[in-house]
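Geometric and topological summary
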Amino acid sequence: MRSHRIAAIGGDGIGPEVIEAGLEALRVCAERDGGFELKVEHFDWGSDYYRRHGVMMPEGGADRLRSFDAIYFGAVGAPDIPDHLTLWGLRLAICQPLDQYANVRPTRILPGITSPLRAVSGPELDWVIVRENSEGEYAGVGGRVHRGLPEEVATDVSMFTRAGVLRIMRYAFRLAQSRPRKLLTVVTKSNAQRHAMVMWDEIAAEVAAEFPDVSWDKMLVDAMTMRMTLRPQTLDTIVATNLHADILSDLAAALAGSLGIAPTANLNPERRTPSMFEPIHGSGFDITGKGIANPVGAFWTASMMLEHLGERPAAERLMRAVERVTADPGLHTPDLGGTATTRQVTEAVCDALRGAND
Ligand SMILES: NC(=O)c1ccc[n+]([C@@H]2O[C@H](COP(=O)([O-])OP(=O)(O)OC[C@H]3O[C@@H](n4cnc5c(N)ncnc54)[C@H](O)[C@@H]3O)[C@@H](O)[C@H]2O)c1
C-alpha cells in the first residue's frame, strides 16, 4: 500500500469549509482506489492562531512541513487583520522558504457551467497559467521611511533574477510542450518596464531555442486581458510574472464560470520540498459559515495533488466525478447561479466516486 503524508491547513474563512470537503472526497478516492492511503495531519494556523499567539504560524512552521509529501491549503485573510500580515505571515511564509516557484493554474469550462463569454461554449477556453511564484513584484523588497509625515516614502521593488526567470520559463515551455497544442504565450510589460521585463523577454527567447517544437508569442499584459476575453481560443499555456499572473488568473477563473471552481498548485518541480495545493479563491468573508462555498475548486486542487503524488488514476477519477456533478445544474452552488450547499455538492461527488466503474 502506497502512503502519502498530507499537511492540511484550512486557514481562514471558507478555507476550512472547502478543505474539509476536499479531504472527505480524498478519503473516498483512496478507498475507491485501494492502492494508497493518505495520512493527514491538521494545522490550525491562520488568523485565529494569530489572535491567540500574535503570529500566523509558529516559528519554524515552514520547516515542520518539509517532511510531508504535499500541503493542502485553504485560504488566508480576515476582515480585522491587515491582508499583508496574513498573506506574508502564512501563505508566502510557506511558498517562499519551500521554494515553490511555479504556480500552476489550469482553467477550463467544466460541463454544465456557463462562461460569461457569449461566444464560448466550452472547448474554446482551455488554458494553463504558469505564475512565477518566488520573486518579481512579490519579492518583498522595499520599505517605508518618514512614516506618517508629509514626506513619507514607500517602495516595493520588483526583483527579477536570471536564475528565477530561466527556471520559470523552462518550466512553462516544458509544460506547453507536454500539451497537445504546444503553444505558449509569454506575458510581459517590456514597453513600460524597460529593465526587468526586457530581461524577462530576452530569457524567454533564449529558452524558446531549447524548445523548437513549441510555438510561442509575446503579449503585453494589458492587451492580454482583451485577448483572453475576445479570442480565448488562441491561447493555451501562458507564463507571467507573480503580479501579472495573479490578476490574469482571477480573470481566467471568472471567464470559466466562477472563482469558486479554480484550482492551483504551488510547485517545487524538482521535488526538493513539498508542493502546496490550494483553491485560487480567498477567505470569502461574505459567505463564511453559510455552508454555500463552492467546494469544486478544492476538489480540482485535490485532483492536482493526487496527480503530483503519482496517483494519476485516482486524480482522473476525482475529476470525472466532479464533472459529473457540475453537469447537473441542480448541484450548482449560488456562485454558479444555483441553490446547492457545500455539503450537497460534496456528497454528490463522493457518491459519484463510489459509483465510478472505471
Ligand atoms: N490564497 C489565498 O489565501 C487568498 C487568495 C485571495 C484572497 N485572499 C484573502 O481573502 C480575503 C477576501 O478576499 P477577496 O474578497 O478579494 O477574495 P475571495 O476569493 O475571498 O472572494 C471574492 C468573491 O468570490 C466569492 N467566492 C470566493 N470563493 C468562493 C467559493 N469557493 N464559492 C463561492 N463563492 C466564492 C466570494 O464570496 C466573494 O464574493 C482577503 O483577506 C484576501 O487577502 C486570500
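Bear in mind that the values here come from a model prediction, so they are computed numbers and not experimental data.

This part covers the overall build of the protein chain. Helix and strand counts for the protein chain come out as 11 helices and 12 strands. Over its C-alpha trace the protein chain gives a radius of gyration of 20 Å, about what one expects of a compact globule, namely 21 Å for 358 residues. Dimensions of the protein chain, computed from C-alpha atoms along their principal axes, come out at roughly 60 × 50 × 40 Å. Taken over 358 residues, the protein chain has a buried fraction of 47%. In the protein chain, of all internal contacts separated by at least 6 residues, the share reaching a separation of at least 24 is 75%.

Attention now goes to the domain arrangement of the protein chain. Here the protein chain is partitioned into domain 1 (1-100 + 279-357) and domain 2 (115-256). Computed over C-alpha atoms only, the centres of domain 1 and domain 2 are separated by 25 Å. On the side of domain 2, four residues touch domain 1, which itself brings five residues to the contact. Of the residues that constitute the side of domain 1 that touches domain 2, the class distribution is two nonpolar, two polar and one charged.

In this section: the sheet that holds strand β9 (residues 215-220). Strands sit in the order β2-β1-β3-β12-β11-β4-β5-β10-β8-β9 across an open sheet of 10 strands; the sheet is mixed. Whereas interior strands pair on both sides, the edge strands pair on one side only; in this sheet they are β2 (36-42) and β9. For this sheet, the mean angle separating the axes of adjacent strands, direction not counted, is 25°. Docked against the sheet, helix α7 (residues 221-230) engages β8 (183-188), β9 and β10 (237-240), running at close to 115° with respect to β9.

Turning our attention to the site of the ligand. Gly77, Gly260, His281, Gly282 and Asn294 are the nearest of the 23 residues found near the ligand. Of the residues belonging to the shell around the ligand, the class tally is nine nonpolar, nine polar and five charged.

What follows concerns the nonpolar core. In this structure, Ala25, Ile71, Tyr72, Val239, Leu318 and Val349 are the most contacted members of the largest nonpolar core, which totals 103 residues. Each of domain 1 (1-100 + 279-357) and domain 2 (115-256) contributes no fewer than three residues to this core.

Moving on to unusual backbone geometry. Not every positive phi belongs to a glycine, and Asp99 is a case in point at roughly 50°. Looking at the secondary structure, you find Asp99 in the loop between α4 (83-95) and β4 (102-108). One non-glycine residue, Arg271, lies in the positive phi region at around 65°.

Right, let's talk about the environment of Ala30 for a bit. Structurally, Ala30 can be placed in helix α1 (residues 15-33). Overall, Ala30 belongs to the buried group, with 20 C-beta atoms counted inside 10 Å. In the structure, Ala30 is positioned 284 residues away from Ala314 in sequence and 7.5 Å away in space, judged by C-alpha atoms. Apart from residues lying up to four places away in sequence, Ala30 is in contact with Phe36, Glu37 and Leu38.

Before going further, it helps to spend a moment on helix α5 (residues 162-178). Counted at 1.5 Å a residue, the expected span for α5 with its 17 residues is 24 Å, and the 24 Å between its end C-alpha atoms agrees. Tucked inside the fold, the buried residues of α5 contact β4, β5 (126-132), β8, α6 (196-208) and β10.

Here we take up α6. Over its 13 residues, α6 runs 18 Å from end to end, which matches the ideal 18 Å to within 8%, given 1.5 Å per residue. Buried residues in α6 make contact with β7 (153-159), α5, β8 and β9.

Quick look at the environment of Ala196 now. On the secondary structure map, Ala196 appears in helix α6. Residue class for Ala196 comes out buried when judged on the 20 C-beta atoms lying within 10 Å of it. With 83 residues separating them in the primary sequence, Ala196 and Pro279 have C-alpha atoms 30 Å apart. Residue contacts for Ala196: discarding those within four places in its chain leaves Ser158 and Phe160.

This part takes up the pairing of β2. Note that strand β1 (residues 2-11) and β2 share seven bridges and pair parallel. The partner of Ala8 across the bridge, within β2, is His42. The parallel pair β1 and β2 is bridged by α1, and the resulting crossover is right-handed.

Cut-offs and rules
Residues numbered from 1 in each chain as written. Predicted model: local features only at pLDDT ≥ 70, side-chain atom pairs only at ≥ 80, totals over all residues. Helix = DSSP H or I, 4+ residues; strand = E, 2+ residues; numbered from the N terminus. Rg over C-alpha atoms; globule rule 2.2 N^0.38 Å. Buried ≥ 20, exposed ≤ 12 C-beta atoms within 10 Å, placed from the backbone. Contact = placed C-beta atoms within 7 Å. Domains from an automatic or database assignment. Nonpolar A, V, L, I, M, F, W, Y, C, P; charged D, E, K, R; others polar. Pairing = 2+ DSSP bridges. Axes fitted to C-alpha atoms, helices over the stretch in contact; angles between N-to-C directions. Near = placed C-beta within 6 Å. Core = buried A, V, L, I, M, F, W, Y, C linked by C-beta atoms within 7 Å. Expected span 1.5 Å × (residues − 1). Right-handed = clockwise from strand over helix to strand, strands pointing away.

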